[in-house]
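Here's the letter readout for the chains.
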Amino acid sequence: MGSFSERHGYKEVRSVIQRESLDDATRLELWNLLAVLPNEFDKFYQDPTEHGVLEALWLWYFKKARDEMPYDKVVWKLIKDAVLTREWNEVLDLLEQFMKDWDRLETQRSAGLKRAFLRALNDRFESELVGYRFIGLEITPVDSSAEGEALSAALADAASIAGARHALDRAIELLADRQTPDYPNSIKESISAVEAVVKKITAEGTLGAGLRKLESAGLHIHPALREAWSKMYGWTSAEDGIRHAGIDAADVDQALAKYALVTCSAFVSYLTEEGRKVGLLS
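Only a predicted model underlies this, so the values are computations on that prediction, with no experimental measurement involved.

(A) Geometry of the side chain of Thr-140. Considering the arrangement of structural elements, one finds Thr-140 in strand 2 (residues 138-141). A polar contact of 3.3 Å, which involves the side chain of Thr-140, links it to the backbone oxygen of Glu-138. Those residues in contact with Thr-140 that sit more than four places away from it in its chain are Gly-131, Tyr-132, Arg-133, Ile-135, Ile-172, Leu-175 and Ala-176.

(B) How the structure looks around the pairing of strand 1 (residues 132-135). Side chains of strand 1 alternate between two faces, with Tyr-132 and Phe-134 and Arg-133 and Ile-135 buried alike. Where strand 1 meets strand 2, 4 bridges bridge the pair, whose relative direction is antiparallel. Within the sheet, the bridge partner assigned to Arg-133 lies in strand 2 and is Thr-140. Once strand 1 ends, the chain turns through 2 residues before running back antiparallel as strand 2, passing Gly-136 with a positive phi of about 65 degrees.

(C) Looking closely at the pattern of salt bridges. According to the stated counting rule, one finds 17 salt bridges in the structure shown. Between Asp-47 and Arg-109 there is a salt bridge whose closest N-O contact spans 3.6 Å. Of this pair, Asp-47 sits in the loop between helix 3 (37-42) and helix 4 (49-60) while Arg-109 is found in helix 7 (residues 108-127), placing the two residues 62 residues apart along the sequence. Owing to a relative accessible area of 12%, Asp-47 belongs among the buried residues under this scheme. Its relative accessible area of 45% is what places Arg-109 among the partly exposed residues. The network of salt bridges with shared partners includes Glu-96, Lys-100 and Glu-138.

(D) Inspection of the packing of aromatic side chains at higher detail. Following the criterion strictly, the structure yields 10 aromatic pairs and no others. Each member of the aromatic cluster is reached from another via a ring pair, and the members are Phe-41, Trp-76, Phe-98, Trp-102 and Phe-117.

(E) Structural context of the environment of Tyr-132. Take Tyr-132: it is sitting in strand 1. For the pair Tyr-132 and Lys-277, spaced 145 residues apart in sequence, the C-alpha separation works out to 33 Å. Setting aside anything within four residues of it in sequence, one finds Tyr-132 in contact with Gln-18, Arg-19, Trp-88, Leu-92, Phe-125, Ile-139, Thr-140, Pro-141 and Val-142.

(F) Quick look at unusual backbone geometry. Positive phi values are uncommon outside glycine, yet Lys-63 reaches one of about 60 degrees. Residue position: Lys-63 is located in the loop between helix 4 and helix 5 (72-85).

(G) Molecular detail of the nonpolar core. One finds Leu-168, Val-194, Val-197, Trp-229 and Val-268 to be the most contacted residues of the largest nonpolar core, which totals 41 residues. Mapped by element, the contributors of at least two residues to this core are helix 8 (145-157), helix 9 (164-176), helix 10 (183-202), helix 11 (207-217), helix 12 (223-237) and helix 13 (254-277). Top element by residues in this core is helix 10. It accounts for 9 residues. Excluding anything up to four places from it in sequence, Trp-229 contacts Ile-191, Val-194, Leu-211, Thr-263, Cys-264 and Phe-267. The next biggest cluster of nonpolar side chains, apart from the first, holds 39 residues, and it includes Leu-59, Phe-117, Ala-120 and Phe-134.

Reading guide: rules and limits
- Residues numbered from 1 in each chain as written.
- Predicted model: local features only at pLDDT ≥ 70, side-chain atom pairs only at ≥ 80, totals over all residues.
- Heavy atoms only, no water.
- Helix = DSSP H or I, 4+ residues; strand = E, 2+ residues; numbered from the N terminus.
- Polar contact = N/O pair within 3.5 Å; in protein donor to acceptor, adjacent residues only side chain to side chain.
- Contact = heavy atoms within 4.5 Å.
- Buried < 20%, exposed > 50% of the residue type's maximum accessible area, 1.4 Å probe, protein only.
- Pairing = 2+ DSSP bridges.
- Salt bridge = Lys/Arg side-chain N within 4 Å of Asp/Glu carboxyl O.
- Phe/Tyr/Trp six-rings, centres within 6.5 Å; stacked < 30°, edge-to-face > 60°.
- Core = buried A, V, L, I, M, F, W, Y, C linked by side-chain atoms within 4.5 Å.

Shown next as structure tokens:
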């Protein structure tokens with residue numbers, strides 16, 4: 001619910017998703033969240049994570065000489081200036097690089113803080129109507145928390161299935177690339193994630209054959225749902241389908257790739273949950 005001024009018409013309520021911009025209020029919210037971290041890191045006595053992350057950003061985001069790196073406080077000031085003044089996409093680049101460096105350099109003590117900080121970033125994106133979310137460590141175009149939750153749940157559910165987690169990670173990476181997004185291949189990877197789960201359950205090599213064998217393997221799904229997925233597999237696997245490069249890349253946009261990713265993620269979670277119920281998956 002909005003503030004008193006917003007509810008009673010004295011102040012405009014923001015209703016437009018921020019997709020290719022970040023307003024000043026959002027930038028300040030993001031910086032205020034980052035500004036908490038120095039004190040939080042100080043609670044971990046002699047933990048090297050903070051300095052390691054700042055050094056990585058100094059080298060690879062700010063493109064500075066290693067032997068000229070100043071005190072950590074100066075790097076934090078550079079981060080603040082970047083969040084408040086750089087182009088919106090460069091701010092997202094910075095946040096993504098920050099989290100990837102943290103993930104690479106984290107210690108056992110800083111792991112919990114990293115998870116909490118990622119959740120807080122996504123909360124800020126949602127409250128400020130930013131059309132992106134961290135899914136894993138990639139900032140991905142997602143317009144609702146429900147979509148973000150579906151993707152995150154699928155990543156967790158597919159973690160133990162060879163190929164499925166990799167395919168989802170790759171689909172997200174291809175969709176999230178803000179410079180050269182590859183929507184057709186993102187869709188291929190999304191379908192491949194479902195295929196990997198079905199193969200794990202049925203031992204069939206293709207999704208089409210696996211879907212037909214789910215029933216005999218012991219996993220009962222509604223015939224209409226199975227038929228819908230068979231048709232989706234047919235759409236991507238026919239000679240003129242995406243998996244055979246028969247559809248021009250210009251005809252596959254972000255909306256279609258995101259739909260495929262969210263839909264396939266939901267089906268991955270559904271299959272893994274049902275498979276575990278009947279003992280087909282561990």
